[in-house]
Every structure is written in structure tokens, then in C-alpha cells.
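# A look at the structure
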Amino acid sequence: SRAVKPVVTVAIQNGAKNFSTSPEMLFKVMVAGAAGGIGQPLSLLLKQNPLVSNLALYDLAPVTPGVAVDLSHMDTPAKVEGFQGADKLDSAVKGADVVVIPAGVPRKPGMTRDDLFNTNASIVRDLAECVARNSPKAIVAIITNPVNSMVPIASEVLKKAGVYDPNRVLGVTTLDVVRACSFIGTINGVDPRSVSIPVIGGHSGVTIIPLLSQANPKPKISDQGKIEALTKRIQEAGTEVVKAKAGGGSATLSMAWAGARLTNAILRGLNGESNVVECAYVKSDLTEATYFANPLVFGKGGVAKNLGYGKLNAYEQALLKAAIPELKKNIAVGEKFVNK
Ligand code: NAD
Ligand code: LMR
């Protein structure tokens, strides 16, 4: 699936044109759930990524081929193909370097992410089985909720098929990082793109732990009460969107943005770039929870290095303590679903 495209760059120096060529790897990205609220804008963003040569859009929805035709008219190089229905799943996954999964149902007001488990567990299980059959070396990035349980499900399925590589299965927690950067940017009156912060743990309520003490720049907040309020806002930001959409679903556009950011980091790693760092939820031995999110270095085989989570202050240690039992419970539910 991997093509090498010669890139011609033209530099104009002192009025003279110098032509230089360098090889650039290009990759096939498959989006499962591509016709959905996240899937469509995510595909729009991926169609603009110069590291993507092929974009395979898979969904059950009848509109899927139309979404693919629509995006294929964009004047960017990535070749777009639509795959609608379960009988097309194998062809969509075949040869994929990265499989991004936003397939499944979203929350409505009053629901927790765990309430989605019964519907979404079998969707993620079936998709992981297909990856094992058709593209076992693909990096799998799971957006579907509850992320804390879906990553163990995919991992157990790949294990059963004998193709599991913990460096290639990720839960997407980038939206928590994006939100923390956005909120700190507003508080400090700076461009949110200049903010960096690790968000560790998992992706639901108390398992989302923004390390405000490690933010750069630090939020300009004087008292502990405000630190705790900002932490709570980041933890509950998904619910803030669910309430504001009033029955119309959960975050889609900011999630597409965050999903495109993580996919780009994965692709840059696959392409051999060094020092590509993003947080994601992966198999882990850092804590008692066997899956955990924190900053990772991406490389040619997916996760190249786990950077840990550094030094926590007393408040963050308490947040971690509260998160671990919840994470362990979420992980056990996912593992049991596959091994029952
Ligand atoms: P949506 O209902 O708008 O779209 C989901 C799409 O998945 C639909 O097009 C549907 O046809 C498709 N689908 C359902 N079953 C499928 C299957 N077996 N194979 C392929 N496609 C299938 O929902 P959405 O708003 O895009 O949200 C999708 C998921 O992402 C939800 O579970 C939601 O909770 C989750 N989410 C996660 C994060 C995060 O930070 N990780 C953020 C937002 C939403
Ligand atoms: C989010 O954080 O926005 C997603 O996990 C969707 C949700 O249900 O909150």
C-alpha cells in the first residue's frame, strides 16, 4: 500500500532556481464510521494531509459512496474511495497503514460514556477482527466511546488472532488535550496553539487528568479553587457539548480536528520523523491500570517510546488515585466482553 512519491522542491536563491528531490512516504488511512458526525469532517481534514495517498471511507450508512465522491472532488492528491456495508469492510481495510475508528453511537443528555458500551463494543470488536484478517500491522486509533473499554476490546481481539502489538493500538484522547490548550489559551490571552499540556489517565470524567502543573505556559490562575474548577471543566467538557447540542449528539467538529491531529502524528512517526509527541491511551505498566494515557513518541512502528507522566503535585496525585479504580473497572469490562 505504501508508495514513495518523489517530491520536487524549487528553491529560488539569488534569482537562480535549484531543483532538489527527496522521497516522501505516503500512506493509506481507513476511516470506519466515515459518514458520521465525526467521520465526515475528519475525512475532510485527512484529505488535506500530504502524507495520505489513499483514503478509504467505510460506513454502513447509504450516504457513504456520496461522501467519497464529494471529497474526491477536492483538489488535493489523496485518492478517496467509499466502501458502504459490511460486505465491503475487508476491501476497505486491506493495505491500510492507519485505521481510525469513530464508528458507533454517541451520547445524548443524561447518558454516561459507559452507557454506550453495549452498542459500541460489538462494532469495535468486529472492526478489530477485520484489521487482524486484512491489515494486522495497521496502527488502530479508536475514537469510539467508551474509549477506556474499547481499546482493551480491540487489543484482546488482536491477541486472540495472534497479531497483537501494543504499540499499534491507541485510544484517542487528543480532544482532552485540545480542550485544555483552548481553555488555557483563553485564560492567558495567548494563541492556544502555543500551549502544551499533558492530559493523562483515560477518556471519561475522573479518569481525565490534565496536568496543569506541567502546562506550558502555566495557566495564569492564582488560587487552588480555580485550578480545581479548570480541571473539572476539562473533565466535563464532553458533557458540556452534549448538553449544548441538546439531543443532537456529542462533539464532532472539535473531535475531527483532534482526530486529524493524532492521525497526523501517527503518520509523521511512520514517515520516520523524530520527536513526534502526542498523548494517547495505550497498554501500560506505569500504574495499576493496564491501559493509561500519557505523552508518547511516535515512530515507524507506532508508539516508539512511552514518556511517562513526570512529577505530579499533591492535587494531581489525588486525581490519579481517584482515576485508577475507574480505569481498572472500565478495562476489566472490555476484556471480559471479548473473553466471556
Ligand atoms: P454519529 O452517529 O454521527 O456517527 C457514527 C457513524 O458510525 C454513523 O455514520 C454510523 O452509520 C456509523 N456506524 C455505526 N455502526 C457502524 C459499523 N459497524 N461500521 C461502520 N460504521 C458504523 O456519531 P459521532 O458523533 O460521529 O460519534 C461516534 C463515536 O465517537 C461515539 O461513540 C462517540 O461517543 C465517540 N466520540 C469520542 C470522542 C473522543 O474524544 N474519543 C469524542 C467525540 C465522540
Ligand atoms: C467528548 O469528550 O466530547 C466525547 O467523549 C463525547 C462525549 O460523549 O462526551
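Residues numbered from 1 in each chain as written. Chains lettered and ligands numbered in written order. Predicted model: local features only at pLDDT ≥ 70, side-chain atom pairs only at ≥ 80, totals over all residues.

Next up on the list: the overall build of the chain. Scanning the chain from N- to C-terminus turns up ten helices and twelve strands. Taking 2.2 N^0.38 as the reference for a compact globule, 340 residues should give roughly 20 Å; the C-alpha atoms of the chain span a radius of gyration of 20 Å, in line with that estimate. With the principal axes as the frame, the chain shows a C-alpha extent of 60 × 55 × 40 Å. Buried positions account for 47% of the 340 residues belonging to the chain. Summarising the internal contacts of the chain: among those between residues at least 6 apart in sequence, 67% fall at separations of at least 24. (Helix = DSSP H or I, 4+ residues; strand = E, 2+ residues; numbered from the N terminus. Rg over C-alpha atoms; globule rule 2.2 N^0.38 Å. Buried ≥ 20, exposed ≤ 12 C-beta atoms within 10 Å, placed from the backbone. Contact = placed C-beta atoms within 7 Å.)

Under the UniProt annotation, "domain: Lactate/malate dehydrogenase C-terminal" (unreviewed entry) lies at residues 173-337. As annotated, residues 173-337 comprises 47% helix and 17% strand, and the C-alpha atoms at either end are separated by 22 Å. (UniProt positions renumbered as here; feature names shortened; annotations may be inferred.)

Once that is clear, we can look at the UniProt feature "domain: Lactate/malate dehydrogenase N-terminal" (unreviewed entry) in the chain. As annotated in UniProt, the feature "domain: Lactate/malate dehydrogenase N-terminal" (unreviewed entry) corresponds to residues 28-171 in the numbering used here. Helix makes up 38% of residues 28-171 and strand makes up 21%, while its end C-alpha atoms are separated by 19 Å.

Here we take up the site of ligand 1. Neighbouring ligand 1 are 32 residues, the closest being G33, G36, G37, A103 and N145. Among the secondary structure elements, those contributing two or more residues to the shell around ligand 1 are strand 3 (52-59) and helix 4 (117-134). Residue composition of the shell around ligand 1, grouped by class: 18 nonpolar, twelve polar and two charged. (Near = placed C-beta within 6 Å. Nonpolar A, V, L, I, M, F, W, Y, C, P; charged D, E, K, R; others polar.)

This brings us to the environment of A332. As for its placement among the helices and strands, A332 is situated in helix 10 (residues 314-339). Residues A332 and A289 lie 43 residues apart in sequence; the distance between their C-alpha atoms is 9.8 Å.

Looking now at the pairing of strand 4 (residues 79-84). As judged from the six bridges shared by strand 3 and strand 4, these two strands associate in the parallel manner. Directly across from N54, in strand 4, lies its bridge partner K79. After leaving strand 3, the chain enters helix 2 (residues 64-72) and then returns to the sheet as strand 4, a path that is right-handed. (Pairing = 2+ DSSP bridges. Right-handed = clockwise from strand over helix to strand, strands pointing away.)

Looking now at the environment of A229. Tracing the backbone through its elements, the reader meets A229 in helix 7 (residues 224-235). Sequence separation of A229 and V277 is 48 residues, and the distance between their C-alpha atoms is 27 Å.

It is worth spelling out the pairing of strand 11 (residues 291-299) at this point. Counting buried positions over the nine residues of strand 11 gives eight, a clear majority of the element. Where strand 10 (residues 276-283) and strand 11 come together, eight bridges link them in antiparallel fashion. Counted as the bridge partner of V277 is V297 from strand 11. Here strand 11 pairs with strand 12 (residues 302-306) via four bridges, running antiparallel. Pairing of L296 across the sheet is with N306, part of strand 12. Connecting the antiparallel pair strand 11 and strand 12 is a turn made up of two residues.

Right, let's get into the packing of helix 1 (residues 39-46) against helix 9 (residues 253-270). The geometry of a pair of packed helices is captured by two quantities: the angle between their axes and the separation between those axes. Remark: helix 1 packs on helix 9, axes separated minimally by 8 Å, with the N-to-C direction vectors making an angle of 40°. Looking at the two axes, helix 1 sits oblique to helix 9. Helix 9 is crossed by helix 1, and the crossing has right-handed handedness. For the pair helix 1 and helix 9, contact is made by P41, L42, L45 and L46 and by L253, A256, W257, G259, A260 and T263, respectively. Of the residues belonging to the contact of helix 1 with helix 9, the class tally is eight nonpolar, two polar and no charged. (Axes fitted to C-alpha atoms, helices over the stretch in contact; angles between N-to-C directions. Parallel < 35°, antiparallel > 145°, perpendicular 65-115°, else oblique. Left-handed = near helix turned anticlockwise from the far one by under 90°.)

Attention shifts here to the site of ligand 2. All residues in the neighbourhood of ligand 2 are listed as P106, R107, R113, N145, L175, G238, T239, V241, V242, S250 and A251. The dominant element in the shell around ligand 2, judged by the number of residues it contributes, is helix 8 (residues 237-245), at four residues. Considered class by class, the residues forming the shell around ligand 2 number five nonpolar, four polar and two charged.

What follows concerns helix 5 (residues 147-160). For helix 5, with 14 residues, the first-to-last C-alpha span of 20 Å sits near the 20 Å given by 1.5 Å per residue. The element helix 5 is extensively covered by neighbouring structure, given that eleven of its 14 residues are classed as buried. Along helix 5, the residues that are buried comprise V147, N148, S149, M150, V151, P152, I153, A154, S155, V157 and L158. Looking one or two residues past helix 5, G162 carries a phi angle of roughly 75°, positive in sign. (Expected span 1.5 Å × (residues − 1).)

Looking along the chain, the bond that leaves N145 and enters P146 is cis, with omega of -5°. When you line up the elements, P146 lands in the loop between strand 6 (139-142) and helix 5. With an omega dihedral of 0°, the bond running from N216 to P217 counts as a cis peptide bond. Backbone geometry at A246 places phi at a positive 45°, although glycine is not the residue there. Structurally, A246 is set in the loop between helix 8 and helix 9.

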